[in-house]
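# Residue-level structural notes
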Amino acid sequence: MTFDRKIKIAPSILSADFADFGREIRAIEDQGADWVHVDVMDGHFVPNLTFGPPAVKAFRPHVTTFMDVHLMIAPVDPYIEAYAEAGADLITAHVEAGPHIHRTLQAIRATGKKSGVALNPGTPVEAVEYVLDLCDLVLVMSVNPGFGGQKFIHSQVDKIARLRGMIGDRPIHIQVDGGVDAKTAPLVAKAGADVLVAGSAVFKGGSVGAPEVYGNNMRAIRDAIDTGI
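A brief report on the enclosed structure follows. Fair warning: this is a prediction, and the values are worked out from it, not measured in the lab. (Residues numbered from 1 in each chain as written. Predicted model: local features only at pLDDT ≥ 70, side-chain atom pairs only at ≥ 80, totals over all residues. Heavy atoms only, no water.)

Moving on to the packing of aromatic side chains. Pairs of aromatic rings are described using the distance from one ring centre to the other and the angle between the two planes. If you walk through the whole model with that rule in mind, you get seven aromatic pairs. Look at phenylalanine 18 and phenylalanine 21: their rings are 4.9 Å apart centre to centre, the planes differ by 45°, and that puts the pair in the tilted class. Take phenylalanine 18: its relative accessible area is 47%, and that puts it in the partly exposed class. An angle of 85° between the planes, with centres 5.5 Å apart, marks the rings of phenylalanine 21 and phenylalanine 51 as edge-to-face. With a gap of 30 residues between them, phenylalanine 21 in helix α1 (residues 21-30) and phenylalanine 51 in the loop between β2 (36-41) and α2 (53-59) connect regions that are remote in the sequence. Look at phenylalanine 21 and you get buried, because its relative accessible area is 12%. For phenylalanine 51, a relative accessible area of 6% translates into the label buried. An aromatic cluster is present here, built from Phe18, Phe21, Phe51 and Phe59 joined pairwise through their rings. (Phe/Tyr/Trp six-rings, centres within 6.5 Å; stacked < 30°, edge-to-face > 60°. Buried < 20%, exposed > 50% of the residue type's maximum accessible area, 1.4 Å probe, protein only. Helix = DSSP H or I, 4+ residues; strand = E, 2+ residues; numbered from the N terminus.)

As structure tokens, then:
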């Protein structure tokens, strides 16, 4: 992954057709997705259960861009190696998921993968201030994690802006996840986010039989950013 601050759209396959993940992944990439975002949930740290390492391993051959694996699990450390071996390009862990986020980020880096840290809506940016040099990405949750289709929490725009200032010129991506669509994307992009996770806003109305809808949805987000900044 070559670092740049160009806007990247990372569709969350949590909103894809669970019976057809391979073709869904190929469809979003063909239609312009920059990354593929995989939301891993454990039914403990967050509601719902989603993808274990075998599922991520099954996704891997279909991903030709960049597979971004977001671990919403606790404890997280015992599973880092398994998700790395499954083929994640970047692994993101939550600062709230354990007592030693510095150690967690070290463990991710030790696998040779890119490392990310996530902040829930109620967690201040100061929680990651002293681990930024171990991060390739900071994820700001703009909904409470656990399920898709939630309403965007506008207070997180200020958090993104504060994080942007804290990062300075370090090569660290700011990702935002939750309620991102053509209305909210310009707000988070202007504040400093450069990787936008979108689930419902990308997959709504489309299918592997009508993948052009995915492309139209992603273009609507990009166009809104271009005209809104």
